[in-house]
Amino acid sequence: MPSLPWSDIDTVLLDMDGTLLDLHYDNHFWMEHLPQRYAELHGVSRAMAEMELQPLFERNAGQLQWYCLDFWSAELKLPVRELKLETAHLIALRPDADTFLAAIKQAGKRVILITNAHRDSLSLKLERIELAPYFERLISSHDYGFAKENPQFWDALQADIDFDPARSLFIDDTLPILRSARDFGVEYLLAVQAPDSHKGPKDTAEFAAVGDYRELIAGLTS
């Protein structure tokens, strides 16, 4: 991971799930817990539940509704908000994410959370992990009506917070989102090496990746 030219960075834009929080919670919920509860509540086998869910997941991936609990509650006829509470004990910070957040805030950087998470998901996580004090703003893509994969998200963000892409760092664990940010002109981009603590490192393609947040703040001065 290259050292960052912190003196050239005014704004730090951060994803939440997989970037600051361990993606294990979300992966476990969508891939394990939800199919199991779908099977139980609809009276079908687990195998049948997965057969019914998989095409829905594939069809909606990367779109705003993919991240919308209201959409999935209606589509699956399940109380998705309540089901997410059943595994909330798995919500956890990634190692040293809070150390990183404290350091960049102390250094006077403008720190803004931009997440595709639905507001209900965001609230659930903020109840368990104290992230809000580190941020100037907590922005959900649902506020704008466009997922971060969509170029229109970045136009809306620019209109909302008036940031300079050429002096901004963005960290996210999703490659299409990083590419969308790059196309908008965000200068400093980092992927996440291992967003899910229960899985190994992922291929981050053309992007350098964060492996250790303590290394990332080397050279950061106030």
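Residues numbered from 1 in each chain as written. Predicted model: local features only at pLDDT ≥ 70, side-chain atom pairs only at ≥ 80, totals over all residues. Heavy atoms only, no water.

Peer 1: Explain the domain arrangement of the protein to me, please; I cannot follow it from the model alone.
Peer 2: Often, the extent of an interface is quoted as the loss of accessible area on bringing the components together. According to the domain assignment, the protein contains domain 1 (11–22 + 92–217) and domain 2 (25–89). One C-alpha centre belongs to domain 1, the other to domain 2, and the line joining them spans 24 Å. With 18 residues of domain 1 in contact, the opposing surface of domain 2 contributes 14 residues. By the criterion of area lost to domain 2, the three top residues of domain 1 are H118, L124 and H142, representing 30% of everything that side buries. For the interface between domain 1 and domain 2, the tally reads two salt bridges. Where domain 1 meets domain 2, there are eight residue pairs in polar contact (both at pLDDT 80 or more). In terms of residue class, the side of domain 1 that touches domain 2 is made up of four nonpolar, six polar and eight charged. (Domains from an automatic or database assignment. Contact = heavy atoms within 4.5 Å. Buried area = accessible area lost by both parts, 1.4 Å probe. Salt bridge = Lys/Arg side-chain N within 4 Å of Asp/Glu carboxyl O. Polar contact = N/O pair within 3.5 Å; in protein donor to acceptor, adjacent residues only side chain to side chain. Nonpolar A, V, L, I, M, F, W, Y, C, P; charged D, E, K, R; others polar.)

Peer 1: Teacher, can you tell me more about the layout of surface pockets here?
Peer 2: A water-sized probe rolled over the atoms picks out the places where empty space is left. Taken as a whole, the largest pocket holds about 730 Å³ of empty space. Among the secondary structure elements, those contributing two or more residues to the lining of the largest pocket are helix 1 (24–42), helix 2 (46–60) and helix 6 (119–128). Ranked by residue count, the leading element in the lining of the largest pocket is helix 1, at four residues. For the lining of the largest pocket, the residue count by class is 11 nonpolar, nine polar and 11 charged. (1 Å grid on protein atoms, 1.4 Å probe; cavity = no way out; pocket = protein on both sides within 12 Å on 5 of 7 lines; lining within 4 Å. Points joined across faces, edges and corners; volume = space filled by probe spheres on them. Helix = DSSP H or I, 4+ residues; strand = E, 2+ residues; numbered from the N terminus.)

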